[in-house]
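Report on the structure
One letter stands for each residue in the lines below.
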Amino acid sequence: MIVTVNGEDHTLADGATVRALVTRLDLPEEGVAVAVDGVVVPCSGWDETPLGAGAEVDVLTAVQGG
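Residues numbered from 1 in each chain as written. Predicted model: local features only at pLDDT ≥ 70, side-chain atom pairs only at ≥ 80, totals over all residues. Heavy atoms only, no water.

**Let's talk about the environment of W46**
With respect to the helices, strands and loops of the structure, W46 is situated in the loop between β4 (39-41) and β5 (56-61). Separated by 16 residues in the primary sequence, W46 and E30 have C-alpha atoms spaced 12 Å apart. In contact with W46, not counting residues within four places along its chain, are T17, V18, R19, V22, E29, V32, V34 and V41. (Helix = DSSP H or I, 4+ residues; strand = E, 2+ residues; numbered from the N terminus. Contact = heavy atoms within 4.5 Å.)

Following this line, the structure appears as structure tokens:
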């Protein structure tokens, strides 16, 4: 299936979860926020939240600096 992450299409296995996407993108588990179709998914729900074909995913990472 294809999902859009920060405006770019990514192909994932059917039934992939948010955690599978975060892992595939090689992102750390801390300092990352994920929203699926405009709804923020807390880190504690990443394993239980499947992505559907055509999902719009926003991934934000915390950066340090001023």
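**Some details on the environment of A35**
Residue position: A35 is located in strand β3 (residues 32-36). Residue A35 is classed as buried on the basis of its relative accessible area, which comes to 11%. C-alpha separation for the pair A35 and V3, spaced 32 residues apart in sequence, amounts to 12 Å. Residue contacts for A35: discarding those within four places in its chain leaves V40, V41, E56, V57 and D58. (Buried < 20%, exposed > 50% of the residue type's maximum accessible area, 1.4 Å probe, protein only.)

**A closer look at the sheet that holds β5**
One open sheet holds the five strands; their spatial order is β2-β1-β5-β3-β4, and the pairing between them is mixed. Looking at strand neighbours, the two that pair on one side only are β2 (8-11) and β4, the edges of this open sheet. For this sheet, the mean inter-axis angle between neighbouring strands, taken without regard to orientation, is 35°. In the sheet, β3 pairs with β4 via three bridges, with the strands oriented antiparallel. Each bridged residue has a counterpart across the sheet, and for V36 the counterpart in β4 is V39. (Pairing = 2+ DSSP bridges. Axes fitted to C-alpha atoms, helices over the stretch in contact; angles between N-to-C directions.)

**Quick notes on unusual backbone geometry**
Residue D26 is not a glycine yet carries a positive backbone phi of 60°. Of note, D26 is situated in the loop between α1 (18-24) and β3. Here D26 falls in the exposed class, since its relative accessible area comes to 69%. Even without a glycine there, the phi angle at D37 is positive, about 50°. With respect to the helices, strands and loops of the structure, D37 is situated in the loop between β3 and β4.

**Notes on the side chain of H10**
Within the fold, H10 resides in strand β2. Take H10: its relative accessible area is 19%, and that puts it in the buried class. Those residues within four positions of H10 in sequence are excluded, and the remaining contacts are M1, I2, V3, V5 and L25.

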